[in-house]
Structure formats: C-alpha cells, structure tokens
Amino acid sequence: MLKIINPATEQVIATIETDTQTSVAQKFSEAQKAQPQWAALPYKTRKEAIQRFGELLLTHQERLAQILTSEMGKPIAQSRGEIASTEGRLAFFLEQSEKALAAQSFNEPNAKMQETLTWEPLGVIANISAWNYPYFVGTNVFIPALLTGNAVLYKPSEFSSLSGLEMSKLLYEAGVPSAIFAPIIGTGEVGSYLLSQPLNGVFFTGSYATGAKIASAVRDRMIRVNLELGGKDPAYVREDVDVKAAADSLAEGAFYNSGQSCCSIERIYVHASIAEQFIKQFVEAVKGYVTGDPADSKTFVGPLTRSAQLDVLEQQTKDALEKGAKLLLGGKRLEREGYFFEPTVLINVNHTMSVMRDESFGPIIGIQVVQSDEEALALMQDTPYGLTAGVYTQDTAKAKQLLSHIQAGTAYVNCCDRVVPYLPWSGRGHSGLGSTQSFEGIRAFLQPKAWHIRH
Ligand code: NAD
C-alpha cells in the first residue's frame, strides 16, 4: 500500500494499492494483445477520444486542482493553471499526430518502382513520470503515444499517484480502452518491475540519477529510450537591461511551483555595473510572494513536495554560508507543520558551492556578480546539465551569440521557465536524451518503414 501525504499538513490523505510484479506483467500482456487493434483504428477514433479527454479535464478542473494541491503541495492557482494549460496543449498533438503518421511516396504513381515511407507505432511503451507537473509531463508523453497507436503503461510518481489515477479514469471515460492505458502504481521498485517487461520503448521524466539507472537497465535491448532529466538552469543579466523587469521575471522563474520546475532558474549571473540595483529589485520581488497554505489562491510559494529535499536546501545554505556567501532572505524551514522552506536568496556565491552546482529543486537561488560577458559565459557553461539557459539584454544579437555557445536544449532571451507545445523540449548532457513536444516529440513514438515495391 502507498500512503499519500499532504506536504502542507503532513497528514495521510489516502492509502492506495500498489502494483506487484504479477499485476505489472498482467497489464503488460493485456496491452500487448490490445495494441494492434488500437493502432488499426481510424485516426479519427483515437482523436475523438483524446479530444473528449481534454474536455473532461476542463469539466473537472477544480476537483483535479484540489487533488493535485493536496498530494504535492502546488499552490492552488498554479494547479488550476496547469490543468487548463494541459487542455490547451492537446490541440497541437491532435492536429500534428495525423501528419506524423502520413505515408510519403517518392515516385510518380505509374512508375515501375514504388519507394514509400510509412510510420508505425513502437508498440507498448512505459511512461515513467515525475510529480512536479504531473499533467504536463504525463500528457507530453501519453497523449502523442496514444494518438499514434501505442499502448501505454503509465507510472505516475509516488508523489502524484492520485492525479495519475484521475487522469486514467478520465481517459477511460473518454473512450480509451483500459488495456491500452494502464496506470502502474508504486515507488521506484514498482518502476523496476515495469522495466523488466519486454517493452518497445521507455519514456522517462525524472532525476539524472534515476535516468542513468533506467538507461543502464535497458541498454542491451535496443529499444527507444527518451530521458527528460534535471537541470541547473542559468540566466545572465547584462548591464543594458530594464533592471526591474529582469528581476521580476527571474524571481518568478526561480520561485514558481516553489522552485520545483525542471527549468526553474537555479543560478543567476549579473553584471557588476547593475548588480546592486538588480539584487535589491530581486529581493523586493521575492518579498512580495505569499508563502504558506497552498490551498489559498493568493499563495505563490507552497511547501516542498518531498520532506527529504528540506535537508538538501539546508545543506546547500550551510555550505554556501561556510564558504563566504551572504544570506539576504530565508535560509531555513518555516516554523509550522509541513515541508516548508523560506524563499531563500544568497549572494557572494561562487562555483565551489553546491547551491551553484547541484540541482536545488526548491525555493532557493544564488546570485553571482560577474565583470564581463566572457566570465558569465564561462560560468554558465560550467555544468554537466543542459536543459535551458537565458540572457537578459536589449542586444538580441549578443544574446544569441552567447547562447549559441551553450550546450542546452532551450535558449531564452529576456524570458525564462516557459514551454510551448510546438518547440521541442530536450536536454543535453545530464539533462537527458531525445525530445518531447513539437513534431519531433510525436515522431518519437513512431518508427519508419521503408518500402521498395517493384510492379
Ligand atoms: P525521480 O527520478 O526520483 O523519479 C521519477 C520517477 O522514476 C518516479 O515515478 C519514480 O517512482 C521512478 N523511479 C525511481 N527509481 C526507479 C527505478 N529504479 N526504476 C524505474 N523507475 C524508478 O524524480 P522526481 O523526484 O519524480 O522528479 C524530479 C526530477 O525530475 C528533477 O530532477 C527534475 O528536474 C526532473 N524533471 C525533468 C523534467 C524535464 O522535462 N527535463 C520535467 C520534470 C521533472
């Protein structure tokens, strides 16, 4: 059994049954049997089911948002936003998946040799998912997978299983057969049962450490592996910016979802000539955030989802202070029940400190002063991760030139922490392999077949 704990109150809010090696094998075998029929349906039938799922998300938005907030502590306004935006994102997949499935012919219709390209689904895929945006990171995988004719064994995180089960119910109500989409409930151990099945693909969202284990578990199987992992996303503020606008944007990027976004701003470099003014504005912006009860619509920073992460943030703060950093805000747990850490701002930081090197995944930020573009670039490059990087400046050409030297899947100019369905979401280095979203992220669920037909 899995106990679901509300991170704001530390109360057990539900106890749910977990999967076993046997139940996982059973779900796999049912999915394998049903998948060819699902793939053979006209595209329109699958499309209608997913359209209906999108409508149901909106019908049940408030209830789903309450569940999400109660099990992972996301501030309620942000939970509502995630569910509404998920519905919006489905339109792209609905429109583009049919195109991704279309055959392509390379010859005149009456040519003796017909050379054609068709696309086939992978088969049965595992979708092993994270808790921080269960609606976004779940649907980014299982919606295009289903639309292109795959069956999905979906393992929500143990910290967002209630939301995972709700999405499953809505898919069934929308017309997706239960054999084609099956939730797999439990911790990492249950995830490893899933990996032991003869899957045709693994699509994982989570930490680098688990991603590396997953890549290693399936390395001999020659199956499609897509890994969306962590980050240590930097932003550089040049001297020519509107300081307040940059500070407001970066504070939001660092503290939205209580700092628990894969593309949260995790480190900031600011040019010395505007550093004092920028830091002042940044601290003002953070002081304006309401921290506390995530069920309150005014709250911007809620609890951490996992209690263990409190120790990481405490350690990062302690390490930074011991090495000479200065604390401007926060630095400790809130004195109340729940896994709350005060929004924390550190300056006088450098790259010997964990807060500037290791993923924090919480409401904490280090701001480092730099003397030049070159110094900022070298520091931004100093990481094994490569998810996103940003530059704030009025000189777009300069920003593009700096960002072209950075190994990251996404480059932001005067913005941060944003994802759109038509651009690929991909990490480099320790941030992962492959893409979700965009046409690339739909093709990820398909394999090509080349036909050579002589008449
Ligand atoms: P996690 O790695 O702890 O867990 C992710 C999933 O893997 C969970 O469902 C977990 O049960 C499962 N799992 C754990 N061990 C396993 C094993 N041995 N075999 C199979 N499955 C196993 O990550 P998390 O705490 O859920 O998520 C936070 C991390 O995810 C952060 O690093 C964050 O940056 C990253 N993330 C990345 C993206 C992206 O798009 N790049 C998006 C969201 C989150």
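Note that the coordinates shown come from a computational prediction; the quantities given were computed from them, not determined experimentally.

(A) Geometry of helix H6 (residues 161–174). End to end, H6 covers 20 Å across 14 residues, agreeing with the expected 20 Å (1.5 Å per residue, within 8%). Burial of H6 is extensive: 10 of the 14 residues sit out of reach of the surface. Every buried residue of H6 is accounted for by Ser161, Leu162, Ser163, Gly164, Glu166, Met167, Ser168, Leu170, Leu171 and Ala174. Following H6 by one or two positions, Gly175 has its phi on the positive side, about 115°.

(B) Region of interest: the site of the ligand. Around the ligand there are 30 residues in total, and Glu158, Ser207, Thr210, Leu229 and Glu359 lie nearest to it. Within the contact set of the ligand, an oxygen atom lies 3.2 Å away from a backbone nitrogen or oxygen of Gly206. Elements that contribute at least two residues to the shell around the ligand include exactly helix H7 (188–195), strand E8 (201–205) and helix H8 (208–217). For the shell around the ligand, the element with the most residues is H7, which contributes 4 residues. Taken together, the residues that form the shell around the ligand break down as 13 nonpolar, 12 polar and 5 charged.

(C) Summary view of the side chain of Ser161. Relative to the assigned elements, Ser161 resides in helix H6. Not counting residues up to four positions away in its chain, the partners in contact with Ser161 are Leu2, Ile4, Ile16, Glu71, Pro156 and Ile185.

(D) View of the packing of helix H5 (residues 134–147) against H6. The contact between H5 and H6 brings their axes to 11 Å, and the two run at 35°. The two elements H5 and H6 cross, and the hand of that crossing is right-handed. Across the interface between the two elements, Pro134, Tyr135, Thr139, Phe142 and Leu146 from H5 touch Ser163, Glu166, Met167 and Leu171 from H6.

(E) Representation of the sheet that holds strand E12 (residues 326–329). A sheet is described by the order of its strands in space; here 7 strands give the open sequence E12-E13-E14-E11-E10-E16-E17, paired in mixed fashion. Every other strand in the sheet has two partners, leaving E12 and strand E17 (410–413) as the edge strands with one partner each. The sheet shows a mean angle of 20° between the axes of neighbouring strands, taken without regard to direction. Note: strand E11 (residues 265–271) against strand E14 (residues 364–370), 5 bridges, orientation parallel. Bridged to Arg267 within E14 is Gly366. Lying on the sheet, helix H9 (residues 243–255) is in contact with strand E10 (233–237), E11, strand E13 (344–347), E14 and strand E16 (388–392); it crosses E11 at an angle near 160°. Across the sheet, helix H13 (residues 396–403) lies against E10, E16 and E17, angled at about 150° from E16, the strand it touches most.

(F) Here's a closer look at helix H2 (residues 43–59). For H2, which comprises 17 residues, the first-to-last C-alpha distance of 25 Å matches the rise-based estimate of 24 Å (1.5 Å per residue) to within 8%. For H2, the full list of buried residues reads Tyr43, Arg46, Ala49, Ile50, Phe53, Gly54, Leu56 and Leu57. All buried residues of H2 project into a common sector of 165° when viewed along the axis, lining one side. Turned more than 90 degrees from where H2 packs its buried face, Lys44 and Thr59 sit exposed. Considering only its buried residues, H2 is in contact with helix H1 (21–40), helix H3 (61–72), helix H4 (76–101), H5 and H6.

(G) Up close: the packing of aromatic side chains. Summed over all chains, the structure comprises 13 aromatic pairs. Relative to Phe93, the ring of Phe92 lies with its centre 6.0 Å away and its plane at 70°, an arrangement referred to as edge-to-face. Judged on exposure class, the residue Phe92 and its partner Phe93 are both buried. By the ring-pair criterion, three or more aromatic residues cluster together here, those being Phe255, Tyr256, Phe278, Phe282, Tyr289 and Phe300.

(H) Inspection of the nonpolar core at higher detail. Counting 69 residues, the largest nonpolar core has Ile50, Phe53, Phe142, Leu146, Leu153 and Val176 as the members making the most contacts within it. Residues in contact with Phe142, not counting those within four places in the same chain, are Phe53, Asn127, Val152, Tyr154, Met167, Leu171 and Phe181.

(I) Just the sheet that holds strand E22 (residues 446–454), in detail. Here we have 3 strands laid out as an open sheet, ordered E3-E4-E22, and antiparallel in their pairing. The open sheet has two edge strands, strand E3 (104–105) and E22, and neither has a second partner. Pairing geometry for strand E4 (residues 113–121) and E22, over 9 bridges, is antiparallel. Within E22, the position partnered with Pro121 by the bridge is Leu446.

The rules behind the values
Residues numbered from 1 in each chain as written. Predicted model: local features only at pLDDT ≥ 70, side-chain atom pairs only at ≥ 80, totals over all residues. Heavy atoms only, no water. Helix = DSSP H or I, 4+ residues; strand = E, 2+ residues; numbered from the N terminus. Expected span 1.5 Å × (residues − 1). Buried < 20%, exposed > 50% of the residue type's maximum accessible area, 1.4 Å probe, protein only. Near = heavy atom within 4 Å. Polar contact = N/O pair within 3.5 Å; in protein donor to acceptor, adjacent residues only side chain to side chain. Nonpolar A, V, L, I, M, F, W, Y, C, P; charged D, E, K, R; others polar. Contact = heavy atoms within 4.5 Å. Axes fitted to C-alpha atoms, helices over the stretch in contact; angles between N-to-C directions. Left-handed = near helix turned anticlockwise from the far one by under 90°. Pairing = 2+ DSSP bridges. Arc of directions from axis to C-beta. Phe/Tyr/Trp six-rings, centres within 6.5 Å; stacked < 30°, edge-to-face > 60°. Core = buried A, V, L, I, M, F, W, Y, C linked by side-chain atoms within 4.5 Å.

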